[in-house]
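Each chain, written out:
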Amino acid sequence: MMVLPAPAKLNLFLYITGRRDDGYHNLQTLFQFVDHGDSLGFEPAPDGELSLHPALPGVAEEQNLIIKAARLLQHHTGCTQGARIHLTKRLPMGGGLGGGSSDAATTLVALNRLWQLGLPTEQLAQLGLTLGADVPVFIRGQAAFAEGVGDILTPAHPPEPWYLVLHPEIEVATAAVFNDPELTRNSPVLSLQQRLALPWQNDCEPLVKKHHPEVAKLLGWLLEYAPSRMTGTGACIFASFGSREKAEQTLAKAPEGTRGFVAKGCNLSPLFSALQKMDAATPSSNTAT
Ligand SMILES: C[C@@](CO)(OP(=O)(O)O)[C@H](O)COP(=O)(O)OP(=O)(O)OC[C@H]1O[C@@H](n2ccc(N)nc2=O)[C@H](O)[C@@H]1O
Ligand SMILES: Nc1ncnc2c1ncn2[C@@H]1O[C@H](COP(=O)(O)OP(=O)(O)O)[C@@H](O)[C@H]1O
């Protein structure tokens, strides 16, 4: 079985610079991966059959981004092969960690190999974008400054600290944040260099804090220990530390019942580190993305 990671991402900063005619928002964000996430296993199945094990509670199989990604790839290529997909879900849903998008990206990359389709990365990223704005960055696998709706990507090389990621026990719907009339939508469009030099913020954070006191409270607590922010449209928050020990010590002090994890920032996605290892072990395998 081909087992591959679907890592989480963090939005190290997130600015909303405008609203487009189609209702989507232009943004400027810095994506980085962490070495913690879901895990997916892929086995061939006959007759184009697709199945997911176990099912994700609360998400109908046909709505699951993993099945949607697999079906999209079948339709796009006319491929008649199938797959039995095994999911170990570790990332909270609706947490701003991009779990669903990452699962979809890993599925596209893995099935492109399993089914020997040979689609180039560019085409997989374009297909992925139809599933969600965050899918292309996971397919390209490099930390990136994203503009447009998140699809115009420039590779970036931010520091790779240890992060403590905490999960307030709520799910924030991305669409609800973007539809809120109070959302800041007029951040200036700046260059990556300018953005890197200014303090890093998330334009969605004030709004989510206002509507979800749990987020405001936990962020207030975490800020006592290190610079901290929300990722994406929330609800997860993160703080960076110079060492794993410092991050773990802070997690140990977190208010009782707080869920969270410690992980290392990675500018190369753990998905691609795993693919490189796989290719090194079996040099004759298909090395296209
Ligand atoms: C803003 C980010 C930053 O990472 O938030 P998170 O979802 O990760 O928290 C993402 O780009 C989100 O990407 P994703 O979660 O894939 O969003 P999509 O499914 O494409 O869109 C969900 C809804 O959010 C709104 N939306 C999304 C992205 C965007 N640039 N402008 C928008 O207005 C639209 O109303 C859309 O219908
Ligand atoms: N494989 C999947 N993993 C997580 N969520 C999924 C998946 N497939 C579909 N979804 C749907 O996508 C929504 C957003 O999930 P997720 O990507 O985890 O959050 P976010 O975009 O906030 O990081 C979930 O609430 C769920 O309904």
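Rules behind the numbers
Residues numbered from 1 in each chain as written. Chains lettered and ligands numbered in written order. Predicted model: local features only at pLDDT ≥ 70, side-chain atom pairs only at ≥ 80, totals over all residues. UniProt positions renumbered as here; feature names shortened; annotations may be inferred. Buried ≥ 20, exposed ≤ 12 C-beta atoms within 10 Å, placed from the backbone. Contact = placed C-beta atoms within 7 Å. Helix = DSSP H or I, 4+ residues; strand = E, 2+ residues; numbered from the N terminus. Near = placed C-beta within 6 Å. Nonpolar A, V, L, I, M, F, W, Y, C, P; charged D, E, K, R; others polar. Arc of directions from axis to C-beta. Core = buried A, V, L, I, M, F, W, Y, C linked by C-beta atoms within 7 Å. Axes fitted to C-alpha atoms, helices over the stretch in contact; angles between N-to-C directions. Left-handed = near helix turned anticlockwise from the far one by under 90°.

Caption draft 1: The arrangement of the UniProt feature "active site" (unreviewed entry) in the chain in detail. On the UniProt side, "active site" (unreviewed entry) is annotated at positions that read Lys 9 and Asp 134 here. Considering the C-alpha atoms alone, the annotated residues occupy 126 residues of sequence yet fold into one spot, their largest mutual distance being 9.3 Å. Under the C-beta neighbour-count criterion, Lys 9 is labelled buried, with 27 such atoms within 10 Å. With residues near it in sequence (within four places) discarded, Lys 9 still touches Phe 31, Gln 32, Phe 33, Leu 97, Gly 98, Ser 102, Asp 134 and Val 137. Relative to the elements of secondary structure, Asp 134 occurs in the loop between helix H3 (121-129) and helix H4 (135-140). Every residue in contact with Asp 134, bar those within four places of it in the chain, is listed here: Lys 9, Gly 98, Ser 101 and Gly 150.

Caption draft 2: Seen up close, the site of ligand 2. In the vicinity of ligand 2 lie 18 residues, with Leu 65, Met 93, Gly 99, Gly 100 and Asp 103 positioned nearest. Only helix H1 (65-77) and helix H2 (99-114) provide two or more residues apiece to the shell around ligand 2. For the shell around ligand 2, the residue count by class is six nonpolar, 11 polar and one charged.

Caption draft 3: Seen up close, helix H8 (residues 213-222). Of all the residues in H8, the buried ones are Val 215, Leu 218, Leu 219 and Leu 222. Each buried residue of H8 lies within a common arc of 100° when the element is viewed along its axis, so the set occupies one face. In H8, those exposed residues whose orientation departs by more than 90 degrees from the buried face are Pro 213 and Gly 220. Buried residues belonging to H8 abut strand E7 (162-167), helix H7 (205-211), strand E8 (228-230) and strand E9 (237-241).

Caption draft 4: Region of interest: the nonpolar core. Residues Leu 108, Tyr 163 and Ile 237 are the most contacted members of the largest nonpolar core, which totals 75 residues. Among the elements that make up this core, the one with the highest residue count is strand E1 (residues 2-19) (nine residues). Beyond its immediate sequence surroundings of up to four residues, Ile 237 is in contact with Leu 166, Val 215, Leu 218, Leu 219, Leu 222, Ser 228, Arg 229 and Met 230.

Caption draft 5: Region of interest: the packing of H1 against H2. At their nearest, the axes of H1 and H2 sit 8 Å apart, and the two run at 35° to each other. For the pair H1 and H2, the crossing hand works out as right-handed. Contacts between H1 and H2 pair Leu 65, Ile 66, Lys 68, Ala 69, Ala 70 and Leu 73 from the former with Gly 100, Ser 101, Asp 103, Ala 104, Thr 107, Leu 108, Leu 111 and Asn 112 from the latter. Here the residues of the contact of H1 with H2 sort into eight nonpolar, four polar and two charged.

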